Amino acid sequence: MSIADNDSTRVKFIKASIDPSTTWDTLHVTSATTVTQLLISDQDYATLVIIFCSIFGVITFAGCLGNAVTIATYLSMKLKDGVTISFLGLAISDFLYVITMLAHLISLGLYTLERKSSFKIWFPFDPFGIYVFFSNIGVLIYLITILATTFIAIIRCLCVSMPLQFRNLLTRRRSIWCITIFSLVSVFSYLPILLNMTMQASFDANINTTRYRLWVSPYREEIKMAIWISRDVLVTFITEIIVIVCVVVMTKKLQAAAKFRNKTAKYSVRPTLSPVAVAGIQATSLVSDSKIATIVNCEPSETQSNKLSSKDFSVVRQVVLISSVYIVCNMPKIVIDLAVLFVPDLALGRPYQNVYITVLGIMELLQVFNSSFNIFIYFKYNSKFRKHLCLFKSKT
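The name an unreviewed UniProt entry gives the chain is fMet-Leu-Phe receptor, with Biomphalaria pfeifferi as the organism. The heading Subcellular location (unreviewed entry) in the UniProt record of the chain holds the text "Cell membrane".

Given below as structure tokens:
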């Protein structure tokens, strides 16, 4: 591998700044190397970058708007129960992540503008350094989304599997504590990486002057690898398995509840006695109220026979969909984490570098998608959310 003289310093910065869990930080490594790329050529990769950035911009903008509306709607619901607070915590995490990735995309655009103008256009702060910072902050925040989604899936799974034991498990206070703990764990587990990088004034040969550029501690790589294995690989893989199990259990409960509803609807008949006749039967006091109910309508009481009420049924469907989207969108991250362990050439400066970066781009795109469109699930399966969303719109 040979590197152009005027790019050697930049590439050193790049190599020291890349995380396995971030994506576009390697956009310019490709142009600085002469390694023959397999499967995806440099020209194909450049085209993919344009496509990804366009889609990325649309999704992040939509995600910012959707999550802002979701947060405002949940706040208008007065947060009386643990379920609402849990969904609010997830919405706040998604909003912060999408905002971060939007800033991440803007800084990438500014850096691209500098490169295309041959640094005739430049900024006091190196956009590449800002870009790397937002990449790392995005990794920090996304763990909150992972933990919150897993938490909600586990709680709803327990509630539908063992309702008598766990019906009142998710209280308002417990939800607040759990979301707070998730946030603290996410911040402090990634803080050592952020403390070993900063923006400091240094000479930039590209613009022949001094500006604020990315500085990385020589100890950061060792710290990063230790945190990456425990925080990203293990936690992501374990939570993925847990959410899949929860989705399977909740899906079976939904199928059982739907089957019961169809069965009761099939054998339900309309009342065959007039109100006058029913009043006459009650007056005789010879027939109990339960028998009168059977005579008037043979459909049994849903609250007595069905373990899932209408509200629980809707909440479970909502959680199943959110969890399913999370599973699909999180799969590329699992794949790339495992693939790099078995394919040595799937790395920077190797023949499959473009494939590696492309898969990382898909991973980040799906993560943003996962954090952007939950509002449609809330609107579809939460009548209270729809009601307050309409009130929110009317007030504005």
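Caption draft 1: Region of the structure containing the pattern of salt bridges. Under the counting rule described, the total for this entry stands at four salt bridges. Salt-bridge contacts for Glu-114 lead to Arg-211; the nearest nitrogen and oxygen are separated by 2.7 Å. Pair noted here: Glu-114 is in helix α4 (residues 82-116) and Arg-211 is in strand β2 (residues 209-216), with a separation of 97 residues, a long-range link. Under the relative-accessibility criterion, Glu-114 is labelled buried at 0%. The buried category is assigned to Arg-211, whose relative accessible area is 3%. In this structure, the salt-bridge partner of Asp-204 is Arg-211, at a minimum N-O distance of 3.0 Å. We note that Asp-204, like Arg-211, is buried.

Caption draft 2: Expanded view of the state of the cysteines. Counted under the stated rule, the structure contains zero disulfides. Of the cysteine sulfurs around Cys-157, a residue in no disulfide, the closest is that of Cys-246, at 4.2 Å. Cys-157 gets classed as buried once you look at its relative accessible area, which sits at 9%. Owing to a relative accessible area of 6%, Cys-246 belongs among the buried residues under this scheme.

Caption draft 3: How the structure looks around the pairing of β2. In this structure, strand β1 (residues 197-204) lies alongside β2, joined through eight bridges in antiparallel fashion. Paired with Phe-203 across the strands is Thr-210, a residue of β2. Here β1 folds back onto β2 in antiparallel fashion, the turn holding four residues, of which Asn-208 has a positive phi close to 60°.

Caption draft 4: The arrangement of helix α13 (residues 353-370) in detail. Over its 18 residues, α13 runs 26 Å from end to end, which matches the ideal 26 Å to within 8%, given 1.5 Å per residue. By the criterion of burial, α13 is predominantly enclosed, with 14 of the 18 residues buried.

Caption draft 5: Seen up close, the confidence of the model for the chain. The predicted model of the chain averages 76 in pLDDT, with 73% of residues at 70 or higher. At the low end of the mean pLDDT range in the chain sits helix α1 (residues 8-17), at 37; at the high end sits helix α7 (residues 172-195), at 91. Confidence over residues 1-33 falls short of pLDDT 50; this stretch has 95 contacts with residues more than four positions distant or in other chains. Counted against residues more than four places away or in other chains, residues 285-306, with its pLDDT under 50, gives 29 contacts.

Caption draft 6: Summary view of the environment of Val-249. The residue Val-249 is located in helix α8 (residues 220-266) in this model. Taking the relative accessible area as the measure of exposure, Val-249 reaches 26% and is therefore partly exposed. Apart from the residues within four sequence positions on either side, Val-249 is in contact with Cys-157 and Ser-161.

Caption draft 7: Representation of the UniProt feature "transmembrane region" (unreviewed entry) in the chain within the structure. In the numbering adopted here, UniProt assigns the feature "transmembrane region" (unreviewed entry) to residues 45-75, 87-110, 130-155, 176-195, 233-251, 319-343 and 355-379. Taken end to end, residues 233-251 has its terminal C-alpha atoms 27 Å apart, with 100% of it in helix and 0% in strand.

Here is what the cut-offs are and how they apply
- Sequence positions are assigned chain by chain, starting from 1 and proceeding in written order.
- Where totals are concerned, whole chains, interfaces and linings use all residues; where local detail is concerned, this predicted model gives features only for residues with pLDDT of at least 70, and gives and counts side-chain atom pairs only at 80 or more.
- Only hydrogens and water are set aside when side-chain values are computed; all heavy atoms of the structure are taken into account.
- UniProt positions are given in the numbering used here, feature names are shortened, and annotations may be inferred rather than shown by experiment.
- We count a salt bridge whenever a side-chain nitrogen from Lys or Arg sits within 4 Å of a carboxyl oxygen from Asp or Glu.
- Only DSSP runs of H or I covering at least 4 residues are called helices, and only runs of E covering at least 2 are called strands; the numbering of each starts at the N terminus.
- For each residue, the accessible area found with a 1.4 Å probe, counting protein chains only, is set against the maximum for its type, and the residue is called buried under 20%, exposed over 50%, and partly exposed in between.
- Cysteine sulfur atoms are paired as a disulfide whenever they fall within 2.5 Å.
- DSSP-based pairing: two strands are paired if at least 2 bridges between them are found.
- Here the expected length of a helix is defined as 1.5 Å per residue gap, with one fewer gap than residues.
- Each residue gets a pLDDT score, which is the predictor's confidence in that residue and runs from 0 to 100.
- Here, two residues are considered to be in contact whenever any of their heavy atoms come within 4.5 Å of each other.

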